[in-house]
Amino acid sequence: ALLRTIPGGFARLDARDYSTVLWYGAGFLQMIGYTKKQFENELHSQCTYIHPEDIERQISIMNEIRQTGQSAVYEARVISHDGEMRILTMTLCYVSGEDSWDGIPSFYSVGIDVTKERAEQERQRKALEDAYLAARVASSAKTNFLSSMSHDIRTPMNAIIGMTAIAQVNLASTEKVKDCLNKINISSRHLLSLINEVLDMSKIESGKIDLVPENVDLSDLIQNVADMCRPLIAEKHQEF
């Protein structure tokens, strides 16, 4: 009844060759994915079901506990009869020939299949890694966006301030004031579109932008850009 409560199996390994399974019980065969006939006729009761890359490590652990008398717990991969890779948590303890009932020095082992648990841990690790990378991309995108946007916002803002100042000193000239108001209107609309982009955090975090094709009057577009830049140009005493 106690053996059946363990979700795994038991095995006794011959310490003379580190390979022959002298005895096994509980769910050992189900754990390694072999029938009794397959295990005895195909593997010849050898622990060659252990993944080749893990056998050397297992032998090293066996040598260590044989010398120290301590037990060990480790994980190893096994290859089932149908080629499925499984991960087992195994315990090992050594019993010398003098202490053994039949005089054969042996390693006693309990194994538990943890394949599903390790697969779930790997899935969670990958999910955390993906979330971390996504957060880094989003953070980097926001930093880059706001860095460039801070400059872009100043351009129409300076144009509005500059045109307002020009209008104030030319209140007697209706045409001059009208021209300034038109340029202020253009700069205000451009500034509003920039602010709307700043508020659209989902677009910023993805690092993407939506492009919509539409008809544009190239002459007006260039004139509008020039009008917004003129106050900055004048401030630096440059010619355009």
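Residues numbered from 1 in each chain as written. Predicted model: local features only at pLDDT ≥ 70, side-chain atom pairs only at ≥ 80, totals over all residues. Heavy atoms only, no water.

Caption draft 1: Structural context of the overall build of the protein chain. Tallying secondary structure elements over the protein chain gives seven helices and five strands in all. Seen in sequence order, the protein chain has helices and strands lined up from the N terminus as β-β-α-α-α-β-β-β-α-α-α-α. Taking 240 residues into account, the globule formula puts the C-alpha radius of gyration at 18 Å, and the protein chain, at 38 Å, lies well above it. Each principal axis of the C-alpha atoms in the protein chain carries an extent, and together these give about 120 × 40 × 35 Å. Counting across all 240 residues of the protein chain, residues that qualify as buried make up 31%. In the protein chain, once contacts between residues fewer than 6 apart in sequence are set aside, the share between residues at least 24 apart is 54%. Element-wise, carbon and sulfur atoms account for 57% of the exposed surface of the protein chain, whose accessible area totals about 15,900 Å². Side-chain charges in the protein chain split into 25 positive and 33 negative, and the spacing between the mean points of these groups amounts to 3 Å. (Helix = DSSP H or I, 4+ residues; strand = E, 2+ residues; numbered from the N terminus. Rg over C-alpha atoms; globule rule 2.2 N^0.38 Å. Buried < 20%, exposed > 50% of the residue type's maximum accessible area, 1.4 Å probe, protein only. Contact = heavy atoms within 4.5 Å. Areas by Shrake-Rupley, 256 points an atom, 1.4 Å probe, with all protein chains shown as cover. Lys, Arg positive; Asp, Glu negative; His and termini not counted. Charge placed at Lys NZ, Arg CZ, Asp CG, Glu CD.)

Caption draft 2: Layout of helix α5 (residues 174-199). Relative to the 38 Å expected for 26 residues at 1.5 Å per residue, α5 spans 37 Å between its end C-alpha atoms, a close match to the ideal helical length. Turning to α5, its buried residues number three or more, namely Val177, Cys180, Lys183, Ile184, Ser187, Leu191 and Leu194. The inward-facing, buried residues of α5 abut α4 (115-168) and α7 (218-235). (Expected span 1.5 Å × (residues − 1).)

Caption draft 3: Representation of the packing of α4 against α5 in the model. Direction vectors running N to C along α4 and α5 enclose 160 degrees, while the axes themselves pass 9 Å from each other. Taken together, the axis directions place α4 and α5 in an arrangement best described as roughly antiparallel. Between α4 and α5 lies a crossing of left-handed hand. (Axes fitted to C-alpha atoms, helices over the stretch in contact; angles between N-to-C directions. Parallel < 35°, antiparallel > 145°, perpendicular 65-115°, else oblique. Left-handed = near helix turned anticlockwise from the far one by under 90°.)

Caption draft 4: Just the sheet that holds strand β2 (residues 21-26), in detail. With respect to topology, five strands assemble into an open sheet ordered β2-β1-β5-β4-β3, the strand pairing being antiparallel. Looking at strand neighbours, the two that pair on one side only are β2 and β3 (72-79), the edges of this open sheet. Within the sheet, the average angular offset between the axes of one strand and its neighbour, ignoring direction, is 25 degrees. Bridge count between strand β4 (residues 85-95) and strand β5 (residues 106-113): eight bridges; the pairing is antiparallel. Across the sheet, Thr91 pairs through a bridge with Val110, a residue of β5. On the sheet, helix α3 (residues 52-68) packs against β1 (8-14), β3, β4 and β5 and is oriented at approximately 155 degrees with respect to β3. (Pairing = 2+ DSSP bridges.)

Caption draft 5: Quick look at the side chain of Lys183. Counting through the fold element by element, Lys183 comes out in helix α5. Once residues within four sequence positions are removed from consideration, Lys183 is found in contact with Met163 and Asp227.

Caption draft 6: Structural context of the pattern of salt bridges. In the structure shown here, the tally under the stated rule is 14 salt bridges. With a closest N to O distance of 3.4 Å, Arg86 and Glu84 form a salt bridge. Residue classification places Glu84 among the partly exposed residues on the basis of a relative accessible area of 36%. Residue Glu120 is joined to Arg123 by a salt bridge in which the shortest nitrogen-to-oxygen separation is 2.7 Å. Here Arg123 and Glu120 lie together in helix α4, a separation of three residues that amounts to about one turn. Each member of the salt-bridge network shares a partner with another, and the members are Asp179, Lys183, Asp227 and Arg230. (Salt bridge = Lys/Arg side-chain N within 4 Å of Asp/Glu carboxyl O.)

Caption draft 7: Region of the structure containing the packing of aromatic side chains. Following the criterion strictly, the structure yields seven aromatic pairs and no others. Each ring, one from Phe39 and one from Tyr49, has its centre 6.3 Å from the other, and the planes form 50 degrees; the classification is tilted. Remark: Tyr49 occurs in the loop between α2 (36-41) and α3 and Phe39 occurs in helix α2; sequence separation between them is 10 residues. A single burial state applies to Phe39 and to Tyr49, both of which are buried. Every member of this aromatic cluster is reached through a ring pair, and the members are Tyr24, Phe28, Phe39 and Tyr49. (Phe/Tyr/Trp six-rings, centres within 6.5 Å; stacked < 30°, edge-to-face > 60°.)

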